[in-house]
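Listed here are the chains, written in short residue letters.
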Amino acid sequence: MILCCGEALMDMLPREIGGEGTAFLPVPGGAIFNTALALGRLGTPAGFLYGVSTDLFGEQLLAHLAASNVASDLTIRSPRPTTLAFVRLKDGNATYTFYDENSAGRMITAADLPALPAAVSTLYFGGISLIGEPCGTALEALLMREAGSRVIALDPNIRPSFITDETAYRARLSRIFAKADILKLSEEDLEWYAPGSDFDTMAKSWIAGGIKVVLKTLGKDGARALTATQDITVPARKVEVVDTVGAGDTFNAGFLSSLAEAGALTKTGVGALSDAVLTAALTRATSVAAVTVSRAGANPPWAHEL
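### Some thoughts on the overall build of the protein chain
Scanning the protein chain from N- to C-terminus turns up 8 helices and 15 strands. The C-alpha radius of gyration of the protein chain comes to 18 Å, within 12% of the 19 Å expected for a compact globule of 306 residues. Counting only C-alpha atoms and orienting by the principal axes, one finds that the protein chain spans roughly 55 × 45 × 40 Å. The proportion of buried residues among the 306 residues of the protein chain is 55%. Pairs at least 24 apart in sequence give 71% of the contacts found in the protein chain among residues at least 6 apart. Entry remark: accessible area of the protein chain is about 12,400 Å², with carbon and sulfur atoms responsible for 55%.

### What to know about the pattern of salt bridges
Counting across every chain of the model gives 18 salt bridges. A salt bridge links glutamate 140 to arginine 172; the shortest N-O distance between them is 2.8 Å. Note that glutamate 140 is positioned in helix 3 (residues 135–146) and arginine 172 in helix 4 (residues 166–177), a separation of 32 residues in sequence. Here glutamate 140 matches arginine 172 in class, with each residue buried. Measuring nitrogen to oxygen at the nearest pair gives 2.4 Å for the salt bridge that ties lysine 216 to glutamate 187. In this pair, lysine 216 is assigned in strand 13 (residues 213–217) and glutamate 187 in helix 5 (residues 187–193), connecting sequence segments 29 residues apart. What you see here is one network of salt bridges that share partners, running through Glu133, Glu140, Arg172 and Arg175.

### Things to note about the nonpolar core
Ranked by size, the top nonpolar core spans 97 residues in total, and within it Phe48, Ile182, Trp206 and Phe255 carry the most contacts. Here the element with the most residues in this core is helix 1 (residues 31–41); it accounts for 7 residues. With sequence-adjacent residues up to four places away left out, isoleucine 182 is seen in contact with Val151, Ile152, Ala153, Leu154, Val213, Leu215, Phe255, Leu256, Leu259, Leu265 and Val270.

### Describing helix 4
The end-to-end C-alpha distance of helix 4, which contains 12 residues, comes to 16 Å, matching closely the 16 Å that a straight helix rising 1.5 Å per residue would cover. Buried within helix 4 we find Tyr169, Arg172, Leu173, Ile176 and Phe177. Along helix 4, the residues classed as buried sweep out an arc of 130° about the axis, all on the same side. Contacts made by the buried residues of helix 4 are with helix 3, strand 11 (151–155), strand 12 (182–185), helix 5 and helix 6 (199–208).

### Overview of helix 2 (residues 56–67)
In this model helix 2 runs 17 Å from its N-terminal to its C-terminal C-alpha over 12 residues, within 8% of the 16 Å that 1.5 Å per residue would give. Listing the buried residues of helix 2 in full gives Gly58, Leu61, Leu62 and Leu65. Projected onto a plane normal to the axis of helix 2, the buried residues spread over an arc of 95° and lie on a single side. Exposed and facing more than 90 degrees away from the buried side of helix 2 are Leu56 and Ala67. Of the residues flanking the start of helix 2, the one acting as N-cap is aspartate 55, its side-chain oxygen 3.1 Å from the backbone nitrogen of phenylalanine 57. Note on helix 2: the residue one or two positions beyond its end, asparagine 69, has a positive phi of about 65°.

### Quick notes on the packing of aromatic side chains
In total, this model carries 9 aromatic pairs according to the counting rule given. Ring plane angle 50° and centroid distance 5.7 Å describe the contact between tyrosine 169 and tryptophan 192, whose orientation is recorded as tilted. Here the residue tyrosine 169 occupies a position in helix 4, and tryptophan 192 occupies one in helix 5, the gap between them amounting to 23 residues. With relative accessibility at 3%, the residue tyrosine 169 sits in the buried group. Three or more aromatic residues link up through ring pairs in this structure, and these residues are Phe24, Phe86 and Tyr99.

Cut-offs applied
- Every residue gets a number counted from 1 within its own chain, in the order that chain's sequence is written.
- In view of the model being predicted, local features appear only for residues whose pLDDT reaches at least 70, and side-chain atom pairs are presented and counted only at 80 or more, with totals across whole chains, interfaces and linings using the full set of residues.
- For side-chain calculations, the full set of non-hydrogen atoms in the structure is used, while hydrogens and water are omitted.
- Strands here mean DSSP runs of E at least two residues long; helices mean DSSP runs of H or I at least four residues long; both are numbered from the N terminus.
- The globule rule used here is 2.2 Å times the number of residues to the 0.38 power, and the radius of gyration it is set against is calculated over C-alpha atoms.
- Note on classification: 1.4 Å probe, protein chains only; a residue is buried when its accessible area is under 20% of the maximum for its type, exposed when over 50%, partly exposed between these limits.
- Contacts are residue-level and defined by heavy atoms, with any inter-residue pair within 4.5 Å sufficient.
- Surface accessibility in these figures is a Shrake-Rupley result with a 1.4 Å probe; residues are shielded only by whichever protein chains are displayed.
- Whenever a carboxyl oxygen of Asp or Glu lies within 4 Å of a side-chain nitrogen of Lys or Arg, that contact is scored as a salt bridge.
- By nonpolar core is meant a set of buried Ala, Val, Leu, Ile, Met, Phe, Trp, Tyr and Cys residues that side-chain atoms within 4.5 Å join together.
- To estimate the expected span of a helix, count its residues, drop one, and scale the result by 1.5 Å.
- Taken from the helix axis, the directions to the C-beta atoms give the arc we talk about.
- Polar contact criterion, stated in full: a pair of N or O atoms within 3.5 Å, where within protein one must be able to donate a hydrogen and the other to accept it, and residues adjacent in sequence count only if both atoms are side-chain atoms.
- Aromatic pairs are defined between Phe, Tyr and Trp rings, using the six-membered ring for Trp, whenever the two ring centres lie within 6.5 Å; interplanar angles under 30 degrees are classed as stacked, those over 60 as edge-to-face, and all others as tilted.

Read these as geometric descriptors, not functional statements.
See below:
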C-alpha cells in the first residue's frame, strides 16, 4: 500500500452564475488527497492519513476517498473545521487562498500519529501540510520515523503565499529531502527553494545525499527523471487544457503506480531502476496528468481512461 500523508481540504472552485457574478463550488481536494484519489482510481492499493473533520465537508472527503477505493482507517478525526482553499483561475492556471486556522488537519500532533500496518510499503508527503503547525512537525516526525524501512516519496508543491517563516520551512525541506527516496519538483518549486540555482546541479547534490530519483515536471514539454546513472525525458501528451488544478498531484500518482506495478517500489528497487521501468513510470505520470488538466478541477482518471 502507498500511504498518502497530508492535506485534505475543500477546493472552492469559481463558477459564473448567470448575470449574478461568481459563486464558489466546494469540491474535495488537497495535494495529497488528490494523489490518493488518483492512486485508488488507477488500481493501486492506497491509503490516506491526515486530520479529517467530522463536519459535513469531512464526511464528503471520506466519501470521496471510499468512492475511489482509498482506505481511510488511518485518518485522525476531530470536530475542528475543514480547511478551505479558494481557487482563482487565470489562463487555466490556479492560485489559492487558504483558510486553515485551527482546522482538523492543521492541528494534528505527533501524539496523534498511529502505528502503521506492515502492508504500507511507501509513504508520500508534500503540500501545505508540511508548512503549518503543529501538523508540519507531526508529519516530519512520521517521515523520520518511517524513512529507514519504507520508501519515502516527496513533492513539496510549494505555495509561497501560505509560508510565513521561509527560513524555518527551507530548513524543514532540507531535513526531509535528506530522507527521501523520490523527490519531485517543478521549476517554480526550485526557484523558491534555491533562487537562481541550476536544476542539474541541485539534483546531483540531492542524489549524492541519498535521494534515488529526482523528478522535474516540464509542463507542456513533459517530464524529466534523474538518477545516479540516468537522465530520461518524456514528452507531454497534447491536450486542450481546461485548468491545471491537481496536475502535479496526479503526475505523482501515475509515477508511483507504475513503479508499484513493476515491483520496483521498494527501498532497494528505487535505487536500481532500469531505463525501461523509469521511462514507463514517467510516461504513465504524464498521461495521468494530461487527462486531469483536460477537465475541470482535480478529477484524476480511472485506469480504463488512460
